[in-house]
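# Structural overview for review
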Amino acid sequence: MIALAKPMLGIEEKILVNEVLSSGKLAQGEYVERFERDFAVFQGSKHCVATSSGTSALHAALLSLGIKPGDKVITTPFSFIATANAILYVQAVPVFCDIDLQDYNISPQELLDTIKKHPDAKAIIIVHLYGYPAHMAELMVIADKYNLAVIEDCAQAHGASINGKKVGTFGHFGVFSFYPTKNMTCGEGGMLATWDKELAERARRLINHGQTAKYQHDVLGYNYRMTNIHAAIGIEQLHKLTGFNERRKTIAARYSREITNPAFIKPVCLPGFEHVYHQYTLWVNNRNSFIEFLETQGIGYGIHYPAAIPDQPLYQQGEILGFFTNARVAAERVVSIPVHPGLTEQEVDYIVSSLQKYA
Ligand SMILES: Cc1ncc(COP(=O)(O)O)c(C=O)c1O
């Protein structure tokens, strides 16, 4: 079976992790600081704060922005559940804004319609799904006009950019995940990136028990710290990220060129937009028959995601705000095929020729 995802770890990660183990300083410390500095340089962000996961980073971002119980926060209905759950963590109210079926990201037009119905919304979490940047220029104009704080969920989009500007640098916070299936990993981990010193300081306090000086706690905080062990992996993975992304793009370019079977609609990538292909996701009308076919061919696949977030049982408990017609349709059609940098040329050949055969 060709795996859908595969973390790419080498001797470099092992050496640096060993260095941490030998130092005996396993928890948050100098390796975390180094990873934060390196990530800030890579991003072109002023401040970076490392966390225990992408989910904890989303939570800390909402808290740092002062989102309170009852506040409305707009987000996409078509993402991993963590995006919307972070809104529930702060007892705020998610308002779902439908996606554009061209790229599966929040549609600027839908955002305008959503704001008309919910002019009191305080913030928006925009996801760059599958590694493809959302239309940030248009979305930021709308967010600025209506005073929305902006969090970019870049959990799937490390290194993606629009006209050379990295995702995660448009809004107040860029939030990253380093889960093992992502474009780079720490095992588990997350990162908050921001240009705003005060927001960064707030986030740094919140992820460390609200501590302002040793054993002085001014606000309720959490233990969302990254460890030196995880940071050591992250430092080396960051060195390799551009290479990983280039390999993903090369494989994706082959799929886009060589898969000509009309059964599939392939991902779009507009000029100026840099897609980092966390997933290469096809639109297929008869998904069940296609996934049966992939199983017989020994090709791993993923469904990201099989339900719109508001259709999940967790979200059925109260009133659901917003629209998600397109998200519901996408949830029935999308299938991701392997595009990770560990694929061999033979595996890519095999995937292309198999998909060409599918009837
Ligand atoms: C879009 C999105 N947001 C948030 C998360 C949460 O990140 P983590 O698993 O690191 O908590 C993930 C990934 O798992 C994700 O894909």
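Residues numbered from 1 in each chain as written. Predicted model: local features only at pLDDT ≥ 70, side-chain atom pairs only at ≥ 80, totals over all residues.

## Re the site of the ligand
Heads up, the condition is: Here, nearness means that the C-beta atom of a residue, built from backbone geometry, sits within 6 Å of the molecule or strand in question. Each helix is a run of DSSP H or I of at least 4 residues and each strand a run of E of at least 2, with the numbering of both proceeding from the N terminus. Just so you know the grouping, Ala, Val, Leu, Ile, Met, Phe, Trp, Tyr, Cys and Pro go in nonpolar, Asp, Glu, Lys and Arg go in charged, and all remaining residues, Gly too, go in polar.
What surrounds the ligand is a group of 14 residues, the closest being Ser 53, Gly 54, Thr 55, Ala 155 and Ser 177. Every element with two or more residues in the shell around the ligand is listed here: helix 3 (54-64) and helix 4 (82-89). Taken together, the residues of the shell around the ligand sort by class into five nonpolar, eight polar and one charged.

## Thoughts on the sheet that holds strand 9 (residues 190-194)
Definition in use: We treat two strands as partners when DSSP finds at least two bridges between them. Placing a C-beta atom from the backbone of each residue, one calls two residues in contact when those atoms lie within 7 Å. Working convention: axes come from line fits to C-alpha atoms, limited for helices to the stretch in contact. Angles between N-to-C directions cover 0 to 180 degrees.
Strand order in this open sheet of eight strands is 1-9-8-5-4-2-3-15, and the pairing throughout is mixed. The outermost strands of the open sheet, each flanked by one partner alone, are strand 1 (47-51) and strand 15 (321-322). Of the pairings in the sheet, the one linking strand 2 (residues 72-75) to strand 4 (residues 123-127) comprises three bridges and is parallel in character. In the strand pairing of strand 4, Thr 75 is matched with Ile 125. In the packing of helix 7 (residues 197-206) onto the sheet, contacts are made with strand 1, strand 8 (173-177) and strand 9, and the angle to strand 1 comes to roughly 15 degrees.

## A look at the pairing of strand 2
Applied cut-off: Exposure criterion: with C-beta atoms placed from backbone coordinates, a residue whose C-beta has 20 or more other C-beta atoms within 10 Å is buried, one with 12 or fewer is exposed, and one in between is partly exposed. Handedness of a crossover is defined as follows: orient the strands so they point away from the viewer, and if the path from the first strand over the helix to the second runs clockwise, the crossover is right-handed.
Burial along strand 2 is two-sided: the face carrying Lys 72 and Ile 74 and the face carrying Val 73 and Thr 75 are both buried. As paired elements, strand 2 and strand 3 (residues 93-96) share four bridges and run parallel to each other. Bridge assignment links Thr 75 to a residue of strand 3, and that residue is Phe 96. Assessed by its sense of winding, the connection that carries the chain from strand 2 through helix 4 to strand 3 is right-handed.

## Concerning the domain arrangement of the protein
Just so we agree on the cut-off: A domain assignment, automatic or from a database, supplies the domain bounds used here.
Domain annotation for the protein reports domain 1 (11-236) and domain 2 (241-357). Using C-alpha coordinates to define each centre, domain 1 is positioned 24 Å away from domain 2. Taken together, the contacts link 34 residues of domain 1 with 29 residues of domain 2. Elements supplying a minimum of two residues to the side of domain 1 that touches domain 2: strand 3, helix 5 (108-117) and strand 6 (161-162). The greatest single-element share of the side of domain 1 that touches domain 2, amounting to three residues, is contributed by strand 3. Split by residue class, the side of domain 1 that touches domain 2 holds 19 nonpolar, 11 polar and four charged.

## Some words on the environment of Val 127
Examined against the element boundaries, Val 127 turns out to sit in strand 4. Judged by C-beta crowding, with 26 C-beta atoms within 10 Å, Val 127 ranks as buried. Val 127 sits 23 residues away from Tyr 104 along the chain, and the two C-alpha atoms are 9.4 Å apart. Setting aside residues no more than four positions away along its own chain, Val 127 makes contact with Thr 76, Ser 79, Thr 83, Asn 105 and Asp 153.

## Describing unusual backbone geometry
That bond from His 304 to Tyr 305 is cis: its omega, 15 degrees, falls within 30 degrees of zero. On the secondary structure map, Tyr 305 appears in the loop between helix 9 (287-297) and strand 15. Unusually for a residue other than glycine, His 209 sits at a positive phi of about 60 degrees. Its location among the elements puts His 209 in the loop between helix 7 and strand 10 (211-213). Exposure remark for His 209: the 15 C-beta atoms within 10 Å place this residue in the partly exposed category. The residue Tyr 277 is not glycine, and still its phi comes out positive at about 45 degrees. With respect to the element layout, Tyr 277 can be found in the loop between strand 13 (273-274) and strand 14 (280-284).

## Details of the pairing of strand 4
Here strand 4 lies mainly inside the structure; five of its five residues are buried. Covered by surrounding structure in strand 4 are Ala 123, Ile 125 and Val 127 together with Ile 124 and Ile 126, the residues of both alternating faces. Where strand 4 meets strand 5 (residues 149-153), five bridges bridge the pair, whose relative direction is parallel. Of the residues in strand 5, the one forming a bridge with Ile 124 is Val 150.

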